[in-house]
Amino acid sequence: QVQLVESGGGLVQAEGSLRLSCAASGRTFISNTMAWFRQAPGKDREFVANINWNGANTYYSDSVKGRFTISRDSNAEKSVYLQMNSLKPEDTAVYYCAYRPSPAGGTTVNEYAYWGQGTQVTVSS
């Protein structure tokens, strides 16, 4: 089992910035993919960004490309970050960290076996 804990959410004005963190623990794997998804009220959970085990490969949804940056530290198994700049009211959602014990990437909910509890991000206009 892998446990994920997110932190860093909050309330911010439009055009502001936030940085989310996700710490993994438990039976983690060297070759993995970590990702961020988000879910706004009344909407499906949607892909935001992912990163492979060594940080060499990243992928973003069109809606956040150029504004958000996903990264991870040198301890490849354990943590991932999401730097969010130029935030918009439509970025308001619960943000979830996800973990897949595979280096294959992935942009759909079903491809990730482990999930955090989520952290609320609210962007005011």
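Details of the structure are given in the entry above.
Described below are features of the structure shown in this document.

Conventions and cut-offs
For every chain, the first residue of the written sequence is number 1, and numbering continues from 1 along that sequence. Only residues with pLDDT of at least 70 are given local features in this predicted model, and only at 80 or more are side-chain atom pairs given and counted; all residues enter the totals for whole chains, interfaces and linings. Side-chain numbers come from the whole structure's heavy atoms, not from hydrogens or water. Helix and strand assignments come from DSSP, with helices taken as H or I runs of at least 4 residues and strands as E runs of at least 2, each series counted from the N terminus. Computation of the radius of gyration draws on C-alpha atoms alone. For the globule rule, the value is 2.2 Å times the number of residues to the power 0.38. Relative accessibility under 20% of the residue-type maximum defines a buried residue, over 50% an exposed one, and the middle range a partly exposed one, all with a 1.4 Å probe and only protein chains included. We get accessible surface area from the Shrake-Rupley algorithm with a probe of 1.4 Å; when it comes to residues, only the shown protein chains can shield them. Any two cysteine sulfur atoms within 2.5 Å of one another count as a disulfide. Should DSSP find at least two bridges between two strands, the strands are regarded as paired. Inter-axis angles, ranging from 0 to 180 degrees, are taken between N-to-C directions of lines fitted to C-alpha atoms, where helices are fitted over the stretch in contact. In this text, buried Ala, Val, Leu, Ile, Met, Phe, Trp, Tyr and Cys residues form a nonpolar core when linked through side-chain atoms within 4.5 Å. Planes of paired rings set the category: under 30 degrees apart is stacked, over 60 is edge-to-face and the rest tilted, where pairs are Phe, Tyr or Trp rings (Trp by its six-membered ring) whose centres lie within 6.5 Å.

A separate point is the overall build of the chain. What the chain contains, in helices and strands, is zero helices and 11 strands. Over its C-alpha trace the chain gives a radius of gyration of 13 Å, about what one expects of a compact globule, namely 14 Å for 125 residues. With respect to the principal axes defined by its C-alpha atoms, the chain has extents near 40 × 25 × 20 Å. Within the chain, the fraction of its 125 residues that count as buried is 45%. Of the roughly 6,200 Å² of accessible surface on the chain, a fraction of 47% belongs to carbon and sulfur atoms.

Let's shift gears to the state of the cysteines. In the structure shown here, the tally under the stated rule is one disulfide. Here C22 pairs with C97 through a disulfide, and the sulfurs are 2.1 Å apart. Between C22 and C97, the S-S dihedral sits near -80°, and the bridge is therefore left-handed. Here C22 is found in strand β3 (residues 18-26), whereas its partner C97 is found in strand β9 (residues 93-100), with 75 residues between them in sequence.

What follows concerns the sheet that holds β3. Taken in spatial order, the four strands line up as β1-β3-β8-β7 in an open sheet, and their pairing is antiparallel. Either end of the sheet is taken by a strand with one partner, and the two such strands are β1 (2-7) and β7 (68-71). Strand-to-strand, the axes of this sheet are offset by a mean angle of 15°, without reference to chain direction. Examined bridge by bridge, β3 and strand β8 (residues 79-84) share six bridges and lie antiparallel to one another.

Our focus in this paragraph is the nonpolar core. Ranked by internal contacts, the top residues of the largest apolar core, which has 27 residues, are L4, M34, W36, L82, M84 and Y95. Where this core is concerned, the elements lending two or more residues are β1, β3, β4 (33-39), β5 (46-52), β7, β8, β9 and β11 (119-124).

This model, assessed by the stated rule, comprises six aromatic pairs. An angle of 75° between the planes, with centres 5.7 Å apart, marks the rings of F37 and F47 as edge-to-face. Linking F37 in strand β4 with F47 in strand β5, this pair joins segments that are 10 residues apart in sequence. With respect to burial, F37 and F47 carry one shared label: buried. Taking 6.4 Å as the distance between ring centres and 65° as the angle between the ring planes, the aromatic pair formed by Y112 and W115 counts as edge-to-face. Given the relative accessible area of 25%, W115 is considered partly exposed. Through successive ring pairs, a cluster of aromatic residues spans F37, F47, Y59, Y112 and W115.

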